[in-house]
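Residue-level structural notes
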Amino acid sequence: MKKPMKLPLFKLRAISLLLVVGLVASACGNDDDSSTPSTPIQAESAGESSAAEDDGFPLTFTNCGQEFTLASPPKRVMLMEAAAPSLLFAAGAMDRVIARIEDFPEEYYTAEQMAVLDAIPALQAEATSTGGVEVSIEVIIDYEPDMVIGYDTATITHDALADVGIQLYVMPPFCDNPPTPSFESILDEVRFYGKLFGTTETANASADALEAAVATAADDPIAAGKTSAALYVTSDGSAIYAYSSLGMVHPLMEALGMTNVFAELSERVPEVSIEEVIGRNPEILVLLYDDTGLTPEEINNLVTDRPGASSITAVAEGAVYPLLFNYAEPPTPLVVEGLSVLSAQIAK
């Protein structure tokens, strides 16, 4: 079962998430037809990966509390989590990907990135009751990967894949005891991918650019002194979930100067009532969503049309901002882009 990183999503729908990043170089930005602002993240299209720096191997690393050793960089990678591409783009290793399981929504891409991702063969998978996907090991074996990146399931585990000579790398947010999300954890993961794929120069440059982007946002926070709440509202409007300090959206809001009114909750993203939101009266509401079939206005209405919602300061002052889910969760390079996306909304 996929870990409770995105609990509301897991309960209510099959996942269809993508993380992707903008090209970066000294004079590069997003393509003209990109739907997102440019972000200082190093990326490479398929076939342009730099030569592997194999001197870091054998490489020993810990994943979900277990220690593993690789003799050489992975050359054939399968992705079973749509959050992974942003990390591989940043590390300059997208050309290693030979198959994928989940879809990659185009809202996060430039046309060039979409072309790279669309060219990756997609496996047939079944949605699980918790919103993840399940694929048979036999199907995975057919593609002959040497590494699978994503999460573990009832059948896809470290041990099960190791038995057929395949390394599973569970992204840290999906481990049983995930690390506390932070921008530092994103930088660390990008640098680790550089070591993993033997592309440290590219990955370190990307991490440095990401760090600079975060610092720029934090040096002049657009919402300094404002109270806020980050909510996930189901697309049918049946439930609201609030993010505590255990979600990546918390450090995102902090970087922009906000104080999370739900920070002290012990669960990462518990269900809350509209009355609880009214009682905490945030000055800014960030509404995370991934149902791209709804317009931003329709996402807003899922909260603002509820009885009593007009008394919330954020609603009364028009400070309600829909934000595509992967701009805030889980901790990956796309969250850095989320800083500029949310800042632009607030600045309007």
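Preceding this paragraph is the structure being described.
So, how was this worked out
- Residues numbered from 1 in each chain as written.
- Predicted model: local features only at pLDDT ≥ 70, side-chain atom pairs only at ≥ 80, totals over all residues.
- Heavy atoms only, no water.
- Helix = DSSP H or I, 4+ residues; strand = E, 2+ residues; numbered from the N terminus.
- Buried < 20%, exposed > 50% of the residue type's maximum accessible area, 1.4 Å probe, protein only.
- Contact = heavy atoms within 4.5 Å.
- Disulfide = S-S within 2.5 Å.
- Expected span 1.5 Å × (residues − 1).
- Arc of directions from axis to C-beta.
- Pairing = 2+ DSSP bridges.
- Axes fitted to C-alpha atoms, helices over the stretch in contact; angles between N-to-C directions.

**Some thoughts on the overall build of the chain**
- Tallying secondary structure elements over the chain gives twelve helices and 14 strands in all.
- Of all 348 residues assigned to the chain, the portion counted as buried reaches 57%.
- Across the chain, every contact between residues at least 6 apart in sequence was considered, and the portion connecting residues at least 24 apart equals 66%.

**Observations regarding the state of the cysteines**
- This structure, assessed with the given rule, holds one disulfide.
- Between the sulfur atoms of cysteine 64 and its disulfide partner cysteine 175 the distance amounts to 1.9 Å. The sign of the S-S torsion, about -80°, decides the handedness of the disulfide formed by cysteine 64 and cysteine 175: left-handed. Here cysteine 64 is found in the loop between strand S1 (59-63) and strand S2 (66-70), whereas its partner cysteine 175 is found in the loop between strand S8 (167-170) and helix H6 (183-197), with 111 residues between them in sequence.
- Owing to a relative accessible area of 32%, cysteine 64 belongs among the partly exposed residues under this scheme.
- Judged by its relative accessible area of 8%, cysteine 175 is buried.

**Comments concerning H6**
- With 15 residues, H6 extends 22 Å from end C-alpha to end C-alpha; this agrees with the ideal 21 Å at 1.5 Å per step.
- Residues Phe183, Ile186, Leu187, Glu189, Val190, Phe192, Tyr193, Gly194, Leu196 and Phe197 constitute the buried set of H6.
- A positive phi of about 70° marks glycine 198, the residue just after H6.

**Comments concerning helix H10 (residues 296-304)**
- Within H10 the residues assigned to the buried category are Ile299, Asn300, Leu302 and Val303. Along the axis of H10, the buried residues cluster in a sector spanning 150°; they form a single face.
- Against the buried residues of H10 lie strand S9 (227-233), helix H9 (274-280), strand S13 (284-289) and strand S14 (320-324).

**Some words on the sheet that holds strand S7 (residues 147-150)**
- On the basis of which strands lie adjacent, the open sheet formed by four strands has the order S4-S3-S7-S8 and parallel pairing. Pairing within the sheet leaves two strands with one partner each, and these edge strands are strand S4 (97-100) and S8. For this sheet, the mean inter-axis angle between neighbouring strands, taken without regard to orientation, is 25°.
- Across four bridges, the pairing between S7 and S8 is parallel. Counterpart to glycine 150 in the pairing with S8 is valine 170.

**Observations regarding the environment of proline 333**
- Among the structural elements, proline 333 can be located in helix H12 (residues 333-347).
- The class of proline 333 is buried, set by a relative accessible area of 0%.
- As for proline 333 and phenylalanine 89, which are separated by 244 residues in sequence, their C-alpha atoms are 9.5 Å apart.

**Observations regarding unusual backbone geometry**
- At the junction of phenylalanine 57 and proline 58, the peptide bond is cis and its omega measures out at 5° in the coordinates.
- Here proline 58 is to be found in the loop between helix H1 (7-12) and S1.
- Cis peptide bonds are those with omega within 30 degrees of zero, and the linkage from glutamate 329 to proline 330 qualifies with -15°.
- Locating proline 330 in the fold gives a position in the loop between S14 and H12.
- One non-glycine residue, cysteine 64, lies in positive phi territory at about 50°.
- Even without being a glycine, glutamate 144 presents a positive backbone phi close to 55°.
- Tracing the backbone through its elements, the reader meets glutamate 144 in the loop between helix H4 (137-142) and S7.

On their own, these measurements won't tell you what the molecule is for.
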